[in-house]
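Inside the fold
Single-letter residue listing:
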Amino acid sequence: MRNPFQEDEEIAKYKCHVSARGSPYLMIRPAKYEHIQDDPEMYLFHDVISPEEIKIIQDISKHKLYRSQVVSNKGPVEYRVSQTAWLQNQTHTVLLKIAKRISAITGLHVYEGIPHNMAGEHIQVLSYGIGGHYDYHFDPLFKMEPEEKWNETGSKFEHYPSGDRLATWMFYLTEVEAGGRTAFPQAGVSVSPVKGAAVFWYSIKKNGYGNQRSQHGGCPVLLGHKWVANKWIRENVNFLKYPCSLDPQE
Ligand SMILES: O=C(O)CCC(=O)C(=O)O
Ligand SMILES: [Fe+2]
């Protein structure tokens with residue numbers, strides 16, 4: 001996939017892969033993916049959700065959709081124009097299968113688990129019509145704020161005992177005729193929706209701090225209809241899966 005924001009030299013560093021990623025579940029059908037960036041670590045995985053699975057997800061979402069909100073504000077906001085549906089794993093067997101697949105590919109725990117120690121959030125389905133968009137933002141819930149604030153009494157830290165959003169896995173359920181890219185202005189990359197693919201990136205660095213370069217947004221849909229599904233993967237249960245590195249800045 002050609003990225004208009006990346007120089008040729010930078011593109012040359014990144015490669016496409018076919019790999020079982022060390023998982024026995026992927027031996028017969030290895031993951032096909034593009035390595036997009038190192039900072040943040042980011043990949044585009046192809047053919048990770050089938051057209052039949054997409055249809056099931058859209059069908060169960062259709063009567064649950066409501067105007068999207070953001071964590072920090074109750075009610076609709078102008079900077080996020082789309083519709084949202086949250087799907088719990090038990091809504092359909094397909095959702096459990098999908099969680100297992102994400103886990104095999106990323107090597108992370110992604111099951112919902114118990115509320116105070118969850119590995120992955122419920123799937124969040126988003127539907128954008130023409131003009132639908134989501135301005136630049138960060139997915140982490142509190143780690144983009146200064147560290148002194150994380151642990152204040154009554155702070156967000158207390159409300160998120162499973163830790164912050166370590167990584168985002170986002171399925172593209174449709175192509176978009178024009179517009180609708182997911183853009184990362186600080187990392188200098190953007191990803192065009194490819195039906196059946198998923199973009200995956202880490203928002204928290206190995207040193208435990210939020211990564212400013214993970215800032216991203218959904219560009220306005222100019223023509224067509226865009227559907228995506230987010231799976232946010234939490235930090236605490238994954239502390240051994242994403243260990244710190246020898247470089248404290250990393
Ligand atoms: O729609 C997109 O491309 C991005 C969506 C997003 O960033 C979010 O829902 O947090
Ligand atoms: Fe986001």
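Above this text is the structure in question.
Because the structure is a prediction, the values reported are computed rather than measured.

Another aspect to go through is the sheet that holds strand β5 (residues 80-81). Pairing is antiparallel in the open sheet, where five strands are placed in the order β5-β8-β14-β11-β12. Whereas interior strands pair on both sides, the edge strands pair on one side only; in this sheet they are β5 and β12 (189-191). Strand direction decides the pairing type here: strand β11 (residues 182-184) and strand β14 (residues 216-218), joined by two bridges, are antiparallel. Along β14, the bridge assignment pairs Ala-183 with Gly-217.

The next thing to look at is the environment of Pro-193. Mapped onto the secondary structure, Pro-193 falls in the loop between β12 and β13 (198-202). On the basis of relative accessible area, Pro-193 is assigned to the buried category, the value being 4%. For the pair Pro-193 and Glu-53, spaced 140 residues apart in sequence, the C-alpha separation works out to 17 Å. Excluding residues that lie within four positions of it along the chain, Pro-193 makes contacts with Tyr-172, Thr-174, Glu-175, Val-176, Gly-180, Arg-181 and Lys-226.

The next point concerns the packing of aromatic side chains. Following the criterion strictly, the structure yields 13 aromatic pairs and no others. Relative to Phe-45, the ring of Tyr-43 has its centre 5.8 Å away and its plane inclined at 40°; by these criteria the two rings are tilted. Judged by centre distance (5.1 Å) and plane angle (75°), the rings of Phe-200 and Tyr-202 are edge-to-face. A connected cluster of aromatic rings, assembled from ring pairs, spans Tyr-33, Tyr-43, Phe-45, Trp-169, Phe-171, Phe-200, Tyr-202 and Tyr-242. Taking NZ or CZ as reference, Arg-21 lies 4.8 Å from the ring centre of Tyr-33, over its face. We note Arg-165 situated over the ring of Trp-232; from NZ or CZ to the ring centre the distance is 3.7 Å.

Of the protein atoms, only His-137 (NE2), Asp-139 (OD) and His-216 (NE2) coordinate the iron ion (ligand 2), at distances of 2.1 to 2.2 Å. All donors of the iron ion (ligand 2) belong to a single chain; written as a sequence motif, their spacing is H-x1-D-x76-H. Placement of Asp-139 in the loop between β8 (133-137) and α4 (147-150) and of His-216 in strand β14 is noted, with a sequence separation of 77 residues between them. Of the two residues examined, Asp-139 and His-216, each falls in the buried class.

Take the pairing of strand β16 (residues 226-234) next. The element β16 is largely enclosed, with a buried count of nine among its nine residues. Sheet analysis places strand β7 (residues 123-128) next to β16, joined by five bridges and oriented antiparallel. Note that in β16 the partner of Val-125 across the bridge is Ala-229. Direction of pairing for strand β9 (residues 165-172) relative to β16: antiparallel, over a ladder of seven bridges. Note that in β16 the partner of Met-170 across the bridge is Asn-230.

Criteria and thresholds
Residues numbered from 1 in each chain as written. Chains lettered and ligands numbered in written order. Predicted model: local features only at pLDDT ≥ 70, side-chain atom pairs only at ≥ 80, totals over all residues. Heavy atoms only, no water. Pairing = 2+ DSSP bridges. Helix = DSSP H or I, 4+ residues; strand = E, 2+ residues; numbered from the N terminus. Buried < 20%, exposed > 50% of the residue type's maximum accessible area, 1.4 Å probe, protein only. Contact = heavy atoms within 4.5 Å. Phe/Tyr/Trp six-rings, centres within 6.5 Å; stacked < 30°, edge-to-face > 60°. Lys NZ or Arg CZ within 6 Å of the ring centre and 35° of its normal. Donors = N, O, S within 2.8 Å, 3.2 Å for Na, K, Ca; no water.

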